[in-house]
Amino acid sequence: MLPFGWEGGVAEGLARRVRAARIEAMARLFPARVILFLVLFAWHVEVAVDPRCVAFVQSELFLWNLGYFRDFLLAPGDLCDWLAGAVLQACRFGWPGTVILTAIAWLILISTLEYLKRISPSGAGAAWMAPALVLIAVHGRHEYAISASVGAAMAMAAALAYVEFSPRWGRWRIVGFTAMCALVYSTAGAAFYVFALCAMIHDFYGPGRWWMKAGCVLGAITGRFLVDALLGSLRPSWFFLHVPVAAGFAAEQSLGRFAAALYASFPLCALLVADRAAQRRRATPAELRPGDVHPGSSRSNVPGARLRWMAATVLFAAGAALAGWTAARPQVRTVLALHASADGEQWDEVLRLAGRVGPEWYSQYVVHDVNMALYHVGRMPYDMFAYRQFASPVVVATHPGPNALPFLDLDALALRKLGDFHFHLGRLNDAEYYAHESFVRRPTAECLRLLARIALAKDEVEQARAFLSVLRDDGVHGAWAEDWLGRLRGAAGVPLDAEIASARLLRLAEEDVHLTAKFVANPIIAGRTVSTRKQIASALRQNPRHRMAFEFLMAGYLIDANVAEVVGLLPMAANFSYPAIPPLYEEAAMIHARVYERRETTDGPMQVNGCTIREETIRKVRALDAALGSRTADAKETARLAKEIGLPYFHFYYHGRWGD
Amino acid sequence: MGRLTVGKLQGGLIAVLLIGGLLAAAAWWDRRGGEGLSDATPAGRLPRIRPDYIGIVAPPNIAPLNFLIEEPGAAYRVRVAGDEGPPLEVHSSDGRIQFPLAAWKSLLAQNRGRTLSVEVFVKDHDRAWRHFDAFPWKVAEEQIDPYLVYRVLDAVFDYYKHLGVYQRHLESFEERCLLFNSDFRRGCVNCHSFVGNCPAPFLIHTRPGPDESIAAGPIWVHGGKAVRVATRTEAMPRAAFVTSWHPSGELAAFCVNWFGQFMRATGAEPREVVDLESDLAILDFRTGQVAAPRGIADPDRLETFPSWSADGKHLFFSSTPRRWMKTDFDPLKDFREVKYDLMGIAYDFADNRWGEPEVLLSAAATGKSVLQPRASPDGRYLLFCMADYGPFPAFQESSDLGLMDLADRSWRRLDKASSRRSESWHCWSSNSRWIVFSSRRDNGLVARPYIAYLDRSGQDHKAFVLPQRDPRFYDACLHTYNIPELVTGPVALPEKELLDAIFSPAPDAGIAPPAWSGLNDLPE
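1. Observations regarding the environment of L18 of chain B
Residue and element names in this part refer to chain B.
Working step 1: Looking at the element boundaries, L18 is found in helix α1 (residues 2–33).
Working step 2: You can call L18 exposed: its relative accessible area is 54%.
Working step 3: Spatially, the C-alpha atom of L18 lies 77 Å from that of A297, the residues being 279 residues apart in sequence.

Following this line, the structure appears as structure tokens:
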């Protein structure tokens, strides 16, 4: 006998067998239909949904440290939430989130497929496609909790493991099942029901004594409540950041309708497949219908099988595409992308997206982001009314207004935006207040970064260090935090930075709370209501060269159609480096002159409150007059013509002040 | 049989050799880490450490004062030596110095009343050791009460989410949550108070959170039971606030406040509080009656922060003329004008008779608002806060600790214990030698419990922060600690009974503060 490797035929045969085994394994792990679905799924998530928008909706502060991770070991299902949080961090970067979500989808489907094959030896059929379609549909909703998919993956993987290994456990099956129930419940929370039902369906339709099957039911209940009792008895002395919900049945109560739909699809399909398989086992050959696979025979031997397979695949792909298309909401994605871009201070992108937001999606939050973008690119007094404007140029903390996306945490979002607004305005204490309020309601990395910037602008070095020390463990802003911590190490005071220097320069010098707030004597704890308009006006009063205060104050008056106030502030335009008085202000001045001062638009230069109106604006107003003729009292016609001629504020003023 | 015995012997020998080898390696490693210490270069200055424990006076029963050496280096070594007992040496690769508990306790016990010398060595990357100037840790003779109860919450402005009352064993790092608000629908819990540093009985107050079904008011925990007590009357319809037990344990003085909070636009601290109405009342646990004698509930004055003397013969409190709706006082404009006097009033427990209130320290004389008086258990001193103005020292950067000698009414600022940030919510140990208070000196935003020693002459010493197992704990902690209270033993909390009491309706629930009708009268 020659040494191994010398006998070419044997080695070659062995290599062939290894190759064949690998190919078979790959075929089992990556069936063609699953691959096709995953391609559609990935496209749907990346293009139609945009994982960055999902992260904007769902992502909370997530820290890559042990203290934060430990918080998630104290309640059932919280580990699943932690994993989902980690996935959301990847989503903040875009395509990495898509890759991971697709991998989770693969795990769900392959586990489901293999599980169904084990409960129906003749094959899973098309049953696994139902959860797939539900999966692609639910992932079309930005508010769909990613943790549900993570939980489903854990549950179905556990179900597969159970059906694969439990036959070897003999009498210990109930104990093993109970232990697995406890494990899945503690890690995946409500997804435990998916595992328990799928495992019990396998056991109920499989061989076994009735008391074993009844024991499984008891085991599931025992496992679930045992975990509750154990975790409830651990009273942690400290929560770093995440505090688990203490209520009973918290995992079930937190289940949203989309997650419930996804979870329900697995046991329903399992029931269908198991029942059909049981019927086939009982059926005689004469009772089999054409196309039914005789127990023991291969499906591929059935005539026309390949054609039917292809047809089914095409139908499935079409169904998946339809499910994705139906679930997708392009306008919602546009609005979310706009908000995410505003968070990233990508102002040009904000303005580009704003042009695509339809009227029924234009909320006060969009108005706020658009106006911040216009201010930062220096176009606010020029192009403000090229975008929809209503109610207020900034968000109002207590009134979300129309068209706001209901699944967003609107309070926390409004407070954070106001915090950012006041930071740029130089009202650092107000910024600190809003940022803190937002952070307590919903801790986010963006909020923590804002708090750190505020502290830096206030020269509160130790306070800034505290925020930065937490933020350093964030995946997106960690590098920024680490950089600042390095700069602060050993530095006396806060090192200079353009943004910080600007905020400091604009910082309020005089206390003005008595001018900007109204004391409200609530019977339990008195408080105050604050006027953002008055805060802006006070900032301008204290610093007449405060461009942001000037432009936002003017913006507020323009939206309110309070042209008298606009005219009153007009001379202050000379404090800023405008090449001339911005056209929108000129239009307001012209309206004031015509409506309130009853002045005619004549040839020659025109002055309003000591400010000269440019000839170009006068010419347009004269053109409007000429076009209107005797119909000057017709507001609707005035608005229409003003838009044609290129007088956007005239259009806004006469249109009823709500835009298009 | 013989082979088995030989096998066992061989196995045993191998095990012994392995263990011996490991021990030798550890000893070699330990010694190697200290090689070159004798040739260390003097740095010529004190080391930078965090927390700042340099030169403090420590209780002999305190947990290890673990700290972080903030010097760049590749290796660190600390040697703590006293007159008695072997020195304690700790080495570290990242600057974190964590003393072993048993050795620490032994060293402190042996050097009680003496001074320890702390030497810090830092090994540079070029393998040379630097030796920093040694600093002292004075170990006091007197122990500190072994338990500290405090409230932990977010740095709250208007909205809060989570808070809890915790108990820390000061002789170790063990911390236990006594009550966490997620157990009762995120209600508020506050103002825990004990009788003379004893863990029982005690009072704790609750307020509703988002779920308004949680009643507002105090809960009396005694004898393993918890029961809500009625403190509201038609004349004083608001829920009780800060409470002080009479040393008899049969009376408690509390304040009933209507206060307002708003945010200032300037200054380091945005938060500001004004008292609109405030009076004191006495709850008699024997009869359940609530009384508000005029001396402590003057309709023309605001009284707050009651505190009994150690012998129960005096009640100390803060007081200021009432301005709200009596003058043209505008809370948002005139809040800086409000300053409180420190008052005292005699009380005869046997006859239930009150004296006349007298001013112990006036705002006019000091130019400050004198708040939160706390009498020492030995009856000698009165500890209080002094802030530039206002009723709430926790939100006043200017708030410092002051001490009055009750024998001659002389007083002084506690310069060594105070800082440039807010100090407040102070308490005494049962032996009157230690004080614990909330200080926002670390970053101005959140408060930490600070401990300071007061010697028999009333001299304060440098305060130090409550030690933690990981010296970097406070770096990323955004929670604030307030109302620290020293107690002599662990609080035995009947958790189920307490939660039942929290969820029970208040016995005085029918009394509610009236809606204020003067909204339209406010100046615009």
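2. Topic: the sheet that holds strand β14 (residues 188–195) of chain B
Residue and element names in this part refer to chain B.
Working step 1: Strand order across the open sheet formed by four strands is β14-β15-β16-β17, with antiparallel pairing between neighbours. For this open sheet the edge positions go to β14 and β17 (225–228), each flanked by a neighbour on one side alone. For this sheet, the mean angle separating the axes of adjacent strands, direction not counted, is 25 degrees.
Working step 2: Judged from the five bridges that link them, strand β15 (residues 198–207) and strand β16 (residues 217–222) form a sheet pairing that is antiparallel. Bridging from a neighbouring strand, L203 pairs with W220 of β16.

3. Quick notes on the confidence of the model for chain A
Working step 1: Taken as a whole, chain A shows an average pLDDT of 88; of its residues, 93% reach a score of 70 or greater.
Working step 2: Here residues 293–298 of chain A scores under 50 on pLDDT; set against residues more than four positions off or in separate chains, the count is six contacts.

4. Here we look at helix α30 (residues 615–628) of chain A
Residue and element names in this part refer to chain A.
Working step 1: With 14 residues, α30 should cover 20 Å at 1.5 Å per step; its first-to-last C-alpha distance of 20 Å lies within 8% of that length.
Working step 2: On its buried face, α30 is in contact with α29 (583–595), β3 (606–608), β4 (611–613), α31 (635–645) and α32 (648–654).
Working step 3: Backbone geometry just after α30 places G629 at a positive phi near 60 degrees.

5. Overview of the sheet that holds strand β7 (residues 96–97) of chain B
Residue and element names in this part refer to chain B.
Working step 1: Read across the open sheet, the three strands follow the order β2-β4-β7; overall the sheet is antiparallel. This sheet does not close on itself; its edge strands, each paired only once, are β2 (49–50) and β7.
Working step 2: Relative to strand β4 (residues 67–69), β2 runs antiparallel, the two being bridged by two bridges. Bridge pairing in β4 places I49 opposite I69.

Each value, and the rule that gives it
Residues numbered from 1 in each chain as written. Chains lettered and ligands numbered in written order. Predicted model: local features only at pLDDT ≥ 70, side-chain atom pairs only at ≥ 80, totals over all residues. Heavy atoms only, no water. Helix = DSSP H or I, 4+ residues; strand = E, 2+ residues; numbered from the N terminus. Buried < 20%, exposed > 50% of the residue type's maximum accessible area, 1.4 Å probe, protein only. Pairing = 2+ DSSP bridges. Axes fitted to C-alpha atoms, helices over the stretch in contact; angles between N-to-C directions. pLDDT = per-residue confidence, 0-100. Contact = heavy atoms within 4.5 Å. Expected span 1.5 Å × (residues − 1).

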